[in-house]
Every structure is written in C-alpha cells, then in structure tokens.
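What follows is each chain in one-letter form.
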Amino acid sequence: MLEKLAEIITNCSNGAVLTGAGISAESGVPTFRGKEGLWGKFRPEQLATMEAFIASPEIVWEWYNWRRQLIGEVQPNPGHYALCELERFFDSFALITQNVDNLHRLAGSTRVLELHGNIYRNKCSQCSTILDEGVDIDPAAIPVCEKCGGKIRPDVVWFGEMLPEDVINEAFARAEQAEVFFSIGTSAMVHPAASLPLVAKRAGATLVEINPEETPLSHLADFYFPAKSGEMLPELLTLLEQRASH
Ligand code: BV8
Ligand code: ZN
C-alpha cells in the first residue's frame, strides 16, 4: 500500500494537501468533533458565528482566548514536520489548511493557504481592517476599531461567512492541477473546504486520505490509511527518502 503510494508520488510532480483539526490532534489540540472536542460544551453554530458574536461577544472572546492560550502552549507534531519535507518531492506543492492554529507555519511550511483564517489575527467586525497580530483581548473590555468603532473580532471564518476569495480560489485551482491530493485529519463535512478533495479526484488526481476514522471521502479515496497523521506521514517520508537515495 505505502510502497505503491511512494511509487506514484515519485512519478508525479504536482501535489496538494488539505488538512483539518486531526493533524494537530497529536500536538494536543482538541479537534472539533472528537469526544474531548472543542465543540464539547457548545454547538459549532452557537459560537463560531457572527450571530453569537453580536449576541454575546464576551463569551465568543472567552472561547477564542481559551483556544489561543491552549494552542500557544503546544508544538507542531511529526505530522506537521513531515508535510514540510513532503514538499521537496513535488515540483509544485500546495498546503491548504482548515486549521486556524498556525502550527503549519510554526513547523516551517512557508506557503500555507489558510482557508478559515488565523486565530492569532484580529480584525474589525465592521470594516474588516486587520489589526496587529495577537493583541490579547479582554472579553470584559473588547476594543473597538479606531476607523469605524466596530468591535474587534478574531480573523477567522465563521459559519455562514465567505472564505477569503483569493485563498479559496487558489485552493480550487491547486486541487484541479494536483496529480496527488491528500486529505489529512478532516471529517470532510464543512464546505466549501470539503469539496476540494472531490474536485481533485474528479480532475484525475490520486486521492489519499489519512484519518483513524472513516469519513465521507474514505470510500472514494484511492488510498485510505486508517492511521494517525503523526505516525503515517513520517513513515511515508522515510520510504520516499529511501527511494530517492538510490
Ligand atoms: C459558507 C474556523 C455561506 C473558525 C471553521 C448544509 C450542507 C452543506 C453546507 C452547509 C449546510 N449548512 C450550512 C452549510 C455551510 C457551512 C457548513 O459546511 N456547515 C457544515 C457543518 C454542514 N459552511 C460554512 O458556513 C462556510 N461558509 O458556506 O458561507 C456563504 C456562501 C455563499 C455566500 C456567502 C456565504 C464557512 C465554514 C467555516 C467555518 N469555520 N473554523 C474556528 O476555528 O473557530 S469550521 C471548523 O470545523 C474547521 O475549520 C474545519 O473546517 C471544520 C471541520 O473540522 P475538521 O478540521 O474536519 O475537524 P473535525 O473535528 O471535524 O475532524 C477531525 C478529524 O481528524 C476527524 O475525522 C478525526 O477522525 C481525525 N483525527 C483525529 N485524530 C487524528 C485524526 N486524523 C489524523 N491523525 C490524527 N491523529
Ligand atoms: Zn472598523
């Protein structure tokens, strides 16, 4: 299985990866839908929405501050680092992530397409002016935008909100061009991100999924590895490096 995939990768020049919360699970960041998941106490619609922010901005900020603090204490895991290495085996490579945790950049990936923003960036909830990185926000005294007085919010994409146009457009373009497309650590349920693997497959890519649990993609994938990304990806890289060295 893995040898066959390594063989295919060696003969392809265009690769793309879509990651979800699962790639950060082994760093200790709770996923969205796992039992200890971020949504444990709340429903996604409750918190990651503009409605929730308008209704109770302090609760939304408490949740993001808790996540910022939690993510601030963790390190990228071997899965993140392996993806930095994987880039070398392709002439053109795109790393597309649904995660807002910044761990791909921390691991050294240079070009990361962040479909859903970045938890450390702040922006105005009215005029979307981006504010300086990661200023801590006190939920009891949420700052307002100098330009328009709008409340400051995290620069992430909430349910019902558009994804950054340029980012999602590039992501679809890369999915269409990919010869090998990896879907790693995502339940493949949130759109439009979840359609990227389908677009790649339809355009003729070899679809690879790495996820300990089955998802709607698993039966579609050419290779489905029921495994942890932090274990599977380093194994794949070792194989690729062995092949490259002789
Ligand atoms: C939009 C940022 C409208 C914020 C996030 C009905 C049908 C279809 C679509 C919809 C619908 N109703 C509503 C919609 C649209 C909605 C949507 O798709 N809803 C879903 C719930 C059905 N989408 C939106 O609202 C999007 N916007 O559509 O705009 C529009 C359209 C036109 C014009 C104007 C407006 C915006 C979606 C973005 C929401 N923001 N995050 C924040 O983080 O706070 S979503 C968030 O959850 C993540 O970013 C991610 O995208 C998503 C899914 O999470 P995953 O990453 O997949 O994580 P999850 O926990 O689910 O799964 C983890 C996986 O890892 C598991 O499978 C697990 O087995 C695996 N795993 C665990 N350990 C490991 C592992 N894998 C590998 N190794 C391990 N060790
Ligand atoms: Zn403003």
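Up top you'll find the structure we're talking about.
One structure accompanies this document, and this report is about it.

How each quantity is defined
- Residues numbered from 1 in each chain as written.
- Chains lettered and ligands numbered in written order.
- Predicted model: local features only at pLDDT ≥ 70, side-chain atom pairs only at ≥ 80, totals over all residues.
- Heavy atoms only, no water.
- Phe/Tyr/Trp six-rings, centres within 6.5 Å; stacked < 30°, edge-to-face > 60°.
- Helix = DSSP H or I, 4+ residues; strand = E, 2+ residues; numbered from the N terminus.
- Buried < 20%, exposed > 50% of the residue type's maximum accessible area, 1.4 Å probe, protein only.
- Lys NZ or Arg CZ within 6 Å of the ring centre and 35° of its normal.
- Near = heavy atom within 4 Å.
- Polar contact = N/O pair within 3.5 Å; in protein donor to acceptor, adjacent residues only side chain to side chain.
- Areas by Shrake-Rupley, 256 points an atom, 1.4 Å probe, with all protein chains shown as cover.
- Nonpolar A, V, L, I, M, F, W, Y, C, P; charged D, E, K, R; others polar.
- Domains from an automatic or database assignment.
- Donors = N, O, S within 2.8 Å, 3.2 Å for Na, K, Ca; no water.
- Tetrahedral: all angles 85-135°; square planar, octahedral: opposite > 155°, others 65-115°.
- Pairing = 2+ DSSP bridges.
- Expected span 1.5 Å × (residues − 1).
- Salt bridge = Lys/Arg side-chain N within 4 Å of Asp/Glu carboxyl O.

Our next topic: the packing of aromatic side chains. Applying the stated criterion across every chain yields a total of 5 aromatic pairs. Residues Tyr64 and Trp158 carry aromatic rings whose centres are separated by 6.3 Å and whose planes lie at 45 degrees to one another, so their mutual orientation is tilted. In this pair, Tyr64 sits in helix 5 (residues 57-72) while Trp158 sits in the loop between strand 6 (152-156) and helix 8 (165-177), placing the two residues 94 residues apart along the sequence. The exposure class assigned to Tyr64 is buried, which follows from its relative accessible area of 2%. Overall, Trp158 belongs to the buried group, its relative accessible area being 2%. An aromatic cluster of three or more residues is present, and its members are Phe53, Trp63, Tyr64 and Trp158. Its guanidinium or amino end placed over the ring of Trp63, Arg67 lies 4.5 Å from that ring's centre, counting from NZ or CZ.

Near ligand 1 there are 32 residues, and of these Arg33, Tyr64, Arg67, Gly160 and Ser187 occur at the shortest range. Residue Ala21 places a main-chain N or O atom 2.8 Å away from an oxygen atom belonging to ligand 1. Taken by itself ligand 1 offers 1500 Å² of open surface, and the protein chains cover 74% of this. Going through the elements one at a time, helix 2 (22-25) and helix 5 are the ones with two or more residues in the shell around ligand 1. Of the residues contributing to the shell around ligand 1, the split by class is 14 nonpolar, 12 polar and 6 charged. Each of domain 1 (2-28 + 76-116 + 162-245) and domain 2 (37-73 + 125-156) gives at least three residues to the shell around ligand 1.

Time to look at the coordination of the zinc ion (ligand 2). Around the zinc ion (ligand 2), the donor atoms from the protein are Cys124 (SG), Cys127 (SG), Cys145 (SG) and Cys148 (SG), and they sit 2.2 to 2.3 Å away. Angles of 97 to 118 degrees at the metal separate the 4 donor atoms of the zinc ion (ligand 2), which places the site in the tetrahedral class. Taking relative accessible area as the criterion, Cys145 reaches 5% and is therefore assigned buried.

This paragraph deals with the side chain of Thr215. Here Thr215 lies in the loop between strand 8 (206-210) and strand 9 (223-225). You can call Thr215 buried: its relative accessible area is 11%.

Glancing now at the sheet that holds strand 6. Strand order in this open sheet of 3 strands is 5-4-6, and the pairing throughout is antiparallel. The outermost strands of the open sheet, each flanked by one partner alone, are strand 5 (130-131) and strand 6. The pairing of strand 4 (residues 117-124) with strand 5 spans 2 bridges and is antiparallel. Bridging across to strand 5, Asn122 finds its partner in Leu131.

Glancing now at helix 5. Compared with the 22 Å implied by 1.5 Å per residue over 16 residues, the 22 Å span of helix 5 between its first and last C-alpha is a close match. Looking at helix 5, one finds that the buried residues are Pro57, Val60, Trp61, Trp63, Tyr64, Asn65, Arg67, Arg68, Leu70 and Ile71.

Attention now goes to the pairing of strand 2 (residues 92-97). Moving residue by residue along a regular strand, the side chains alternate between the two faces of the sheet. Within strand 2, 5 of the 6 residues are buried, leaving the element largely enclosed by the surrounding structure. One ladder, built from 6 bridges, connects strand 1 (residues 14-19) with strand 2; its direction is parallel. When the sheet's bridge partners are listed, Thr19 is paired in strand 2 with Thr97. Summarising the sheet, strand 2 and strand 3 (residues 112-114) pair through 3 bridges and their orientation is parallel. Paired with Leu95 across the bridge in strand 3 is Val112.

As enumerated under the stated definition, the model contains 10 salt bridges in all. In this structure, the salt-bridge partner of Lys123 is Asp155, at a minimum N-O distance of 3.6 Å. Highlighted residues: Lys123 in strand 4 and Asp155 in strand 6, separated in sequence by 32 residues. Like Lys123, the residue Asp155 is buried in the burial classification. Notably, a salt bridge pairs Asp222 with Lys201, separated by 2.9 Å at the nearest N-O pair. Separated by 21 residues along the polypeptide, Asp222 in the loop between strand 8 and strand 9 and Lys201 in helix 9 (residues 196-202) bring together distant segments of the chain. Via salt bridges that share partners, Glu85, Arg88 and Glu241 belong to a single interconnected network.

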